[in-house]
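Results of the structural survey
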Amino acid sequence: MPTGGGDDRALRVAGWIDWIARASGAVAALATLGCVALAFGLVLLRNVLGLGPQALQEAVLWLHALAFLAGLAWALQADRHVRVDVLRARLGPCGRAWVELLGTLCLLLPVCVFAVWISLPYVEASWRIGEASREPGGLPALSLLKSLIPLAAA
C-alpha cells in the first residue's frame, strides 16, 4: 500500500492531539493538587486566624473547574471516561470498535460542537464587559474561567 504525504500529515495531527490530551491531563492533575492544597490552607486560615479571603475561596472553585475541564481530553484519550458497559462488555473487539466509532460520531462530536456553539456568545459577552467576580474581594477576569468551556469542548 503506497503511503503519501497525507498519511504523514494525519500521523502528525494525531500526535499533536495526543500531546494536547496528555498535557491537559497534567494540567488537571496540577489543578487538583492546587485545589486540595488551597482548600486545606483555607480551612487552616479560617479555623486558626478566623480569615476566609474571598479571592482564595473563588480560587478553589476556579481550580476545580480547571481540573474538571482540562481532565476531559485526558480521560477520553486514556480511556478513563465513564461509559455504560452493558452492551459493550458483550461485544468482541470489532464490535467495541464500532460502538466507539458510532458513539464518537453520533454522540461525542455533536455534543462538543453544540457546547462550543452555545458557549461562544456567553464567553464573548463576558470578555466584552470585562466580567469579574460579583463578590467584594473576589477574583477579576471571570472571562478567563468562562473561556475554558469552549476550549475544553473543542
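Attention in this report is confined to the structure presented alongside it.

Cut-offs used in this document
Residues numbered from 1 in each chain as written. Predicted model: local features only at pLDDT ≥ 70, side-chain atom pairs only at ≥ 80, totals over all residues. Heavy atoms only, no water. Disulfide = S-S within 2.5 Å. Axes fitted to C-alpha atoms, helices over the stretch in contact; angles between N-to-C directions. Helix = DSSP H or I, 4+ residues; strand = E, 2+ residues; numbered from the N terminus. Parallel < 35°, antiparallel > 145°, perpendicular 65-115°, else oblique. Left-handed = near helix turned anticlockwise from the far one by under 90°. Contact = heavy atoms within 4.5 Å. Nonpolar A, V, L, I, M, F, W, Y, C, P; charged D, E, K, R; others polar. Patch = residues over 30% accessible without salt bridge, like charges linked within 9 Å, V, L, I, M, F, W, Y side chains within 5 Å. Areas by Shrake-Rupley, 256 points an atom, 1.4 Å probe, with all protein chains shown as cover. Salt bridge = Lys/Arg side-chain N within 4 Å of Asp/Glu carboxyl O. Expected span 1.5 Å × (residues − 1). Bend = angle between axes of the 7 residues up to and from the residue. Buried < 20%, exposed > 50% of the residue type's maximum accessible area, 1.4 Å probe, protein only. Phe/Tyr/Trp six-rings, centres within 6.5 Å; stacked < 30°, edge-to-face > 60°.

Moving on: the state of the cysteines. For the structure on display, the rule yields 0 disulfides. The closest cysteine sulfur to the non-disulfide-bonded Cys94 is located on Cys106, 16 Å from its own sulfur.

The interhelical angle for the contact between helix H4 (residues 93-129) and helix H5 (residues 142-153), taken along N-to-C directions, is 165°, at an axis separation of 8 Å. Considering their axes alone, H4 and H5 lie roughly antiparallel with respect to each other. Relative to H5, the crossing made by H4 is left-handed. Residues Cys112, Ala115, Val116, Ser119, Leu120, Tyr122, Val123, Ser126 and Trp127 of H4 form the contact with H5, whose own contacting residues are Leu142, Ser143, Leu144, Lys146, Ser147, Ile149, Pro150 and Ala153. The class makeup of the residues in the contact of H4 with H5 is 12 nonpolar, 4 polar and 1 charged.

On the surface, a cluster of nonpolar side chains totalling about 520 Å² of accessible area is made up of Phe40, Leu44, Val48, Leu49 and Leu51. Looking at where Val48 falls in the secondary structure, it is placed in helix H1 (residues 5-49).

Once that is clear, we can look at helix H2 (residues 54-77). For H2, with 24 residues, the first-to-last C-alpha span of 36 Å sits near the 34 Å given by 1.5 Å per residue. Its maximal kink placed at Gly71, H2 deviates by approximately 35°. Listing the buried residues of H2 in full gives Glu58, Ala59, Val60, Ala67, Leu69, Ala70, Gly71 and Ala75.

Glancing now at the packing of aromatic side chains. A complete count under the given rule lists 2 aromatic pairs for this structure. For the pair Trp16 and Trp19, a centre-to-centre distance of 5.9 Å together with 75° between the ring planes defines the contact as edge-to-face. With Trp16 and Trp19 both in helix H1, this residue pair falls 3 residues apart, about one helical turn. Of the residues examined, Trp19 reaches a relative accessible area of 48% and is grouped as partly exposed. Taking 5.8 Å as the distance between ring centres and 50° as the angle between the ring planes, the aromatic pair formed by Phe114 and Trp117 counts as tilted.

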